[in-house]
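Below are the chains, spelled out letter by letter.
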Amino acid sequence: MSVSLLGAAEIRTLAAELDVTPTKKLGQNFVVDANTVRRIVQVAGVQTGERVVEIGPGLGSLTLALLETGASVTAVEIDHRLAERLPQTATAHGVPDGALTVVDADAMRVTELAGDPTVLVANLPYNVSVPVLLHFLETFPRIERGVVMVQAEVGERLAAPPGSKVYGAPSVKAAWYGAWRLCGTVSRHVFWPVPNVDSVLVGFSRDAEPRGSDDERRATFAVIDAAFQQRRKMLRQALAGVLGGSAAEASVVLERAGVEPTVRGEQLGVDDFARIASAV
Ligand code: SAM
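The rules behind the values
- What you see as residue numbers is a count from 1 along each chain, following the sequence as written.
- Totals for whole chains, interfaces and linings use all residues, but because this is a predicted model, local features are given only for residues with pLDDT of at least 70 and pairs of side-chain atoms are given and counted only at 80 or more.
- UniProt positions are given in the numbering used here, feature names are shortened, and annotations may be inferred rather than shown by experiment.
- One nonpolar core equals one set of buried Ala, Val, Leu, Ile, Met, Phe, Trp, Tyr and Cys residues connected by C-beta atoms within 7 Å.
- Counts of 20 or more other C-beta atoms within 10 Å of a residue's own C-beta define buried residues, counts of 12 or fewer define exposed ones, and intermediate counts define partly exposed ones; C-beta atoms are placed from the backbone.
- Residue ranges labeled as domains rest on an automatic or database domain assignment.
- Residues are scored as being in contact if the C-beta atoms we place from backbone atoms lie within 7 Å.
- Numbering of helices and strands starts at the N terminus; helices are DSSP runs of H or I of at least 4 residues and strands are runs of E of at least 2.
- Each residue receives a C-beta atom built from its backbone; the residue is near a molecule or strand if that atom lies within 6 Å of it.
- All amino acids are sorted into three groups, where Ala, Val, Leu, Ile, Met, Phe, Trp, Tyr, Cys and Pro are nonpolar, Asp, Glu, Lys and Arg are charged, and the leftover types, Gly among them, are polar.
- Think of it this way: DSSP has to see at least two bridges between two strands before they count as a pair.
- Axes, fitted as lines to C-alpha atoms, cover a helix only where it is in contact. Angles between the N-to-C directions of the axes lie from 0 to 180 degrees.

The protein has the name Ribosomal RNA small subunit methyltransferase A in an unreviewed UniProt entry, where Microbacterium awajiense is given as its organism. Per UniProt, the protein carries the Sequence similarities (unreviewed entry) text "Belongs to the class I-like SAM-binding methyltransferase superfamily. rRNA adenine N(6)-methyltransferase family. RsmA subfamily." Here is the UniProt Catalytic activity (unreviewed entry) comment for the protein, exactly as written: "adenosine(1518)/adenosine(1519) in 16S rRNA + 4 S-adenosyl-L-methionine = N(6)-dimethyladenosine(1518)/N(6)-dimethyladenosine(1519) in 16S rRNA + 4 S-adenosyl-L-homocysteine + 4 H(+)".

Below you can see the structure in the form of structure tokens.
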């Protein structure tokens, strides 16, 4: 039996049955367009037999499209009503036993995942998309690639190169893990309810080798945060607090790292930040 997808009418009926009124707080905008979920799965290149983790499966639109490929899916959902119902929806849509594992939890608190997934695919809740992504990349080093749908502004930030207008702390932190690319826009009208913003698909591939240890990552992220908290300031001033206490001391560290003390953080790439952190 092949897997069938959820239709727009069925999504509304399911929500009504579960007494779910989509909430902004949990970023509950459900995709009601089959072409969109198939497109996400195709952009992610999900293949039969692959192990995928999905964050926020909701009523199951994207989950079923992932399962349609013959991949197995571990889906993490914070809303108990949705998490509880998903296995039943999957069975009714032809998903074979064992292909779907549902974790009823806040994704930010998940530290173990059944099946050791290697691919992450998600239509992320707007308000927590960056922290959830970084948490998964950090906690699950076996995740080697993925595609996420996020608010356009967030996606552009994740994929931004140094020097661009929207480059910020999320861009540099994301780059710590690998390469990011924008993979197309998604109209707000494929969602129910319709959000106030358009979305984009963002793909990532983890670097073959980790850029540094956990301690090095923490130290680098502290420097990144300080640099972008005062992004209009020269680095020797913005980093004074984390590099010794004064602009003069920060200049010494920056020079040791081969970074001009008068540049701004928005001009530097992740390797520059890592060098600064290790020069302290
Ligand atoms: N994947 C579904 C779709 O495409 O129709 C739903 C996507 S909706 C944008 C986001 C989903 O993430 C909702 O189901 C929401 O309940 C869930 N969610 C929100 N915060 C979460 C968290 N911290 N951990 C896990 N799931 C979360």
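(A) Spatial organisation of the nonpolar core. Counting 80 residues, the largest nonpolar core has Ile40, Leu66, Val121 and Val202 as its most contacted members. The two domains that each donate at least three residues to this core are domain 1 (8–206) and domain 2 (214–279). Those residues in contact with Ile40 that sit more than four places away from it in its chain are Leu62, Val121, Val147, Met149 and Leu201.

(B) Seen up close, the environment of Ser171. If you trace the backbone, Ser171 turns up in helix H7 (residues 169–177). Judged by C-beta crowding, with 23 C-beta atoms within 10 Å, Ser171 ranks as buried. Separated by 13 residues in sequence, Ser171 and Leu158 place their C-alpha atoms 4.5 Å apart.

(C) Representation of the site of the ligand. Taken together, 23 residues are adjacent to the ligand, and Gly56, Gly58, Ala107, Asn123 and Pro125 come closest. Here the shell around the ligand is built from residues that sort into 13 nonpolar, 7 polar and 3 charged.

(D) Summary view of the domain arrangement of the protein. Here the protein is described as being made up of domain 1 (8–206) and domain 2 (214–279). Using only C-alpha atoms to locate each centre, domain 1 and domain 2 end up separated by 33 Å. The interface of domain 1 with domain 2 comprises 9 residues on the first partner and 12 residues on the second.

(E) The arrangement of the sheet that holds strand S6 (residues 145–151) in detail. Pairing in this open sheet of 7 strands is mixed, and the strands run S4-S3-S2-S5-S6-S9-S7 from one edge to the other. In the strand order of this sheet, the two ends are held by strand S4 (100–104) and strand S7 (178–186), each with one partner. Neighbour to neighbour, the strand axes of the sheet diverge by 20° on average, direction disregarded. Inspection of the sheet shows strand S5 (residues 119–123) paired to S6 by 5 bridges, in the parallel sense. Counterpart to Val119 in the pairing with S6 is Arg145.

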